[in-house]
Amino acid sequence: MAAFSLDNVAIKGISCCVPKNKEYNIDLNISTKEDIQKFIEVTGVEERRIASKDICTSDLCCEAAEKLIKDLNWQKDEIEILVFVSQTADYILPISAAILQDRLGLSTNCLAFDVPLGCSGYVYGISIIAGMMKASGINKGLLLAGDTISKIVSDTDKSTLPLFGDAGSATALELDKNAGKLFFDLGTDGAGYKAIIVPDGGSRKRINADSLVKNEIEEGISRTSCDLVLDGMDVFSFGISQAPKTVNKLIEKFEIDKEKVDYFIFHQANMMMNKMIAKKLKLSVDKVPYSLKHFGNTSSATIPLTIVSELKDKILNQSSNLLMCGFGVGLSWGTVLIEECKIESLALIEL
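Each value, and the rule that gives it
- Residues numbered from 1 in each chain as written.
- Predicted model: local features only at pLDDT ≥ 70, side-chain atom pairs only at ≥ 80, totals over all residues.
- Heavy atoms only, no water.
- Buried < 20%, exposed > 50% of the residue type's maximum accessible area, 1.4 Å probe, protein only.
- Helix = DSSP H or I, 4+ residues; strand = E, 2+ residues; numbered from the N terminus.
- Arc of directions from axis to C-beta.
- Contact = heavy atoms within 4.5 Å.
- Axes fitted to C-alpha atoms, helices over the stretch in contact; angles between N-to-C directions.
- Parallel < 35°, antiparallel > 145°, perpendicular 65-115°, else oblique.
- Left-handed = near helix turned anticlockwise from the far one by under 90°.
- Nonpolar A, V, L, I, M, F, W, Y, C, P; charged D, E, K, R; others polar.
- Pairing = 2+ DSSP bridges.
- Phe/Tyr/Trp six-rings, centres within 6.5 Å; stacked < 30°, edge-to-face > 60°.
- Salt bridge = Lys/Arg side-chain N within 4 Å of Asp/Glu carboxyl O.

Draft legend 1. Focus on helix 1 (residues 33–43). Along helix 1, the residues classified as buried are Ile36, Phe39, Ile40 and Thr43. With its buried residues spanning 100° around the axis, helix 1 presents them on a single face. Exposed residues on helix 1 whose side chains face more than 90 degrees from its buried face are Glu34 and Glu41. Among the structural elements, helix 6 (271–280) and helix 7 (292–295) are those in contact with the buried residues of helix 1. A positive phi of about 80° marks Gly44, the residue just after helix 1.

Structure, rendered in structure tokens:
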């Protein structure tokens, strides 16, 4: 596994943007009320935010970024790196990061690129930007992470429709000699790539007439080959196994006192999985926040969304030790411990 540490890079602020439109799982007609209630109890997801047809991930991230830049009183020409982490980009090409650089009015000296990661993407994104800033001397950077997974989920698939919501986030990073260290553990197991996949639409299998035909997989699950396929059992087994491993390896590698970690913010996969992970790690309930109830699984946005929605009153402008862990599609995982993290701005807005 790739384990390393960085210093002198601080997270200054996090802003998240969710669609105004709410969808309540209990109102869905894709299964019986009894089955839907069981799904809610297992996953913890009662409602989700769903983007309209004309709102993309980049729109949510752009709104979050504008709010964050304003709150921090940053000058846009000072931002020299922008990384967009998402599996739901605007186009196959060009990259959405380039479009966002222009929409945000950032300097043409700002380097910008996309990273098509999902559940582990937020932690990977922090490592990429922090590493590049540390190596190059870039002073300020923006990590934009999120997904509108609802656009690639079948509306007749009871295994995915009630689970996923839409959200975008913006995280501001700045060189700071007084910042605490960042400790990372990252890894990949591509042998499990089929566990979470959209089969058609890439270069391996281009879209054709058959791609758009909806097929019944089993009762309550019908989808096209352009819709998301989720192997629930494989993903569950991976999550409850790999998430505790990466957290423990990080703690052991860098001799971290687990008791000094203020909060453990996990990717919001589903409540049963996350509670089993926390139990394996023997974590105190009050140190593990959840945002699943109101937002569902929002892919790479789950960690920042959980921070702004659940921890704002507890960590804003206070020095905290935050451990973040993402795991899923790829299959991949990423854990970071941010020491003495003092976040100056935390915001949640709607579009």
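Still more to cover.
Draft legend 2. Local environment of the packing of helix 5 (residues 232–253) against helix 6. The contact between helix 5 and helix 6 brings their axes to 9 Å, and the two run at 30°. Between helix 5 and helix 6, the interaxial angle falls into the category roughly parallel. Seen along the crossing, helix 5 lies across helix 6 with a hand that is right-handed. Residues Val235, Phe236, Gly239, Ile240, Ser241, Ala243 and Pro244 of helix 5 pack against Met272, Met273, Met276, Ile277 and Lys280 of helix 6. Its residues placed into classes, the contact of helix 5 with helix 6 shows nine nonpolar, two polar and one charged.

Draft legend 3. Focus on helix 6. Among all positions in helix 6, only Met271, Met273, Asn274, Ile277 and Ala278 are buried. On an axial view of helix 6, the arc spanned by its buried residues comes to 165°, and they lie on one face. Of the exposed residues in helix 6, the ones pointing more than 90 degrees away from its buried face are Lys275 and Lys279. Each element contacted by the buried residues of helix 6 is listed here: helix 1, helix 5, strand 14 (263–266), helix 7 and strand 15 (320–328).

Draft legend 4. A look at the side chain of Ser211. By secondary structure assignment, the location of Ser211 is in the loop between strand 10 (196–197) and strand 11 (215–218). Under the relative-accessibility criterion, Ser211 is labelled buried at 0%. Setting aside chain neighbours within four positions, we find Ser211 in contact with Asp200, Arg206, Thr224, Ser225 and Cys226.

Draft legend 5. Quick look at unusual backbone geometry. At the junction of Leu93 and Pro94, the peptide bond is cis and its omega measures out at 10° in the coordinates. Its place among the elements puts Pro94 in the loop between strand 5 (79–85) and helix 3 (96–103). Residue Leu331 is bonded to the preceding Gly330 through a cis peptide linkage, with omega at -10°. Counting through the fold element by element, Leu331 comes out in the loop between strand 15 and strand 16 (332–341). The phi torsion at Asn8 lies on the positive side, around 65°, for a residue other than glycine. Position of Asn8 among the secondary structure elements: in the loop between strand 1 (2–6) and strand 2 (9–18). Positive phi is not limited to glycine here, since Asn73 has a value of about 60°. Note on placement: Asn73 falls in the loop between helix 2 (57–72) and strand 5.

Draft legend 6. Main features of the sheet that holds strand 14. Reading across the sheet, the five strands line up as 1-9-16-15-14 and stay open at both edges, with mixed pairing between neighbours. The sheet terminates laterally at strand 1 and strand 14, the two strands that pair on one side only. Sheet twist, expressed as the average angle between the axes of neighbouring strands with direction ignored, equals 15°. When strand 9 (residues 182–188) meets strand 16, the two strands line up antiparallel, connected through seven bridges. Its bridge partner being in strand 16, Phe184 is matched across the sheet by Val336. Relative to strand 9, helix 4 (residues 121–136) is tilted by about 125°, and along the sheet it contacts strand 1, strand 9, strand 15 and strand 16.

Draft legend 7. Main features of the packing of aromatic side chains. Across all of its chains, the model carries three aromatic pairs by this definition. Taking 4.8 Å as the distance between ring centres and 45° as the angle between the ring planes, the aromatic pair formed by Phe183 and Phe254 counts as tilted. Residue Phe183 is found in strand 9, and its partner Phe254 is found in the loop between helix 5 and strand 14; the two are separated by 71 residues along the sequence. The burial state of Phe183 is the same as that of Phe254; both residues are buried. With 6.0 Å between their ring centres and 50° between their planes, Phe238 and Trp333 make a pair best called tilted. Note that Phe238 is positioned in helix 5 and Trp333 in strand 16, a separation of 95 residues in sequence.

Draft legend 8. Up close: the pattern of salt bridges. Applying the stated criterion to the full structure yields 14 salt bridges. In this structure, the salt-bridge partner of Lys214 is Asp155, at a minimum N-O distance of 3.1 Å. On the criterion of sequence distance, the pair formed by Lys214 in the loop between strand 10 and strand 11 and Asp155 in the loop between strand 7 (140–148) and strand 8 (166–175) is long-range, its members being 59 residues apart. Taking relative accessible area as the criterion, Asp155 reaches 51% and is therefore assigned exposed. Lys205 is paired through a salt bridge with Asp200; the nearest N and O atoms lie 3.6 Å apart. Owing to a relative accessible area of 43%, Lys205 belongs among the partly exposed residues under this scheme. Here the salt bridges share partners, and the residues they tie into one network are Lys12, Asp176 and Glu344.

Draft legend 9. How the structure looks around the environment of Ile152. With respect to the element layout, Ile152 can be found in the loop between strand 7 and strand 8. In the structure, Ile152 is positioned 65 residues away from Gln87 in sequence and 10.0 Å away in space, judged by C-alpha atoms. Setting aside anything within four residues of it in sequence, one finds Ile152 in contact with Thr88, Val198, Cys226, Asp227 and Leu228.

By themselves, these observations are geometric and do not establish any function.
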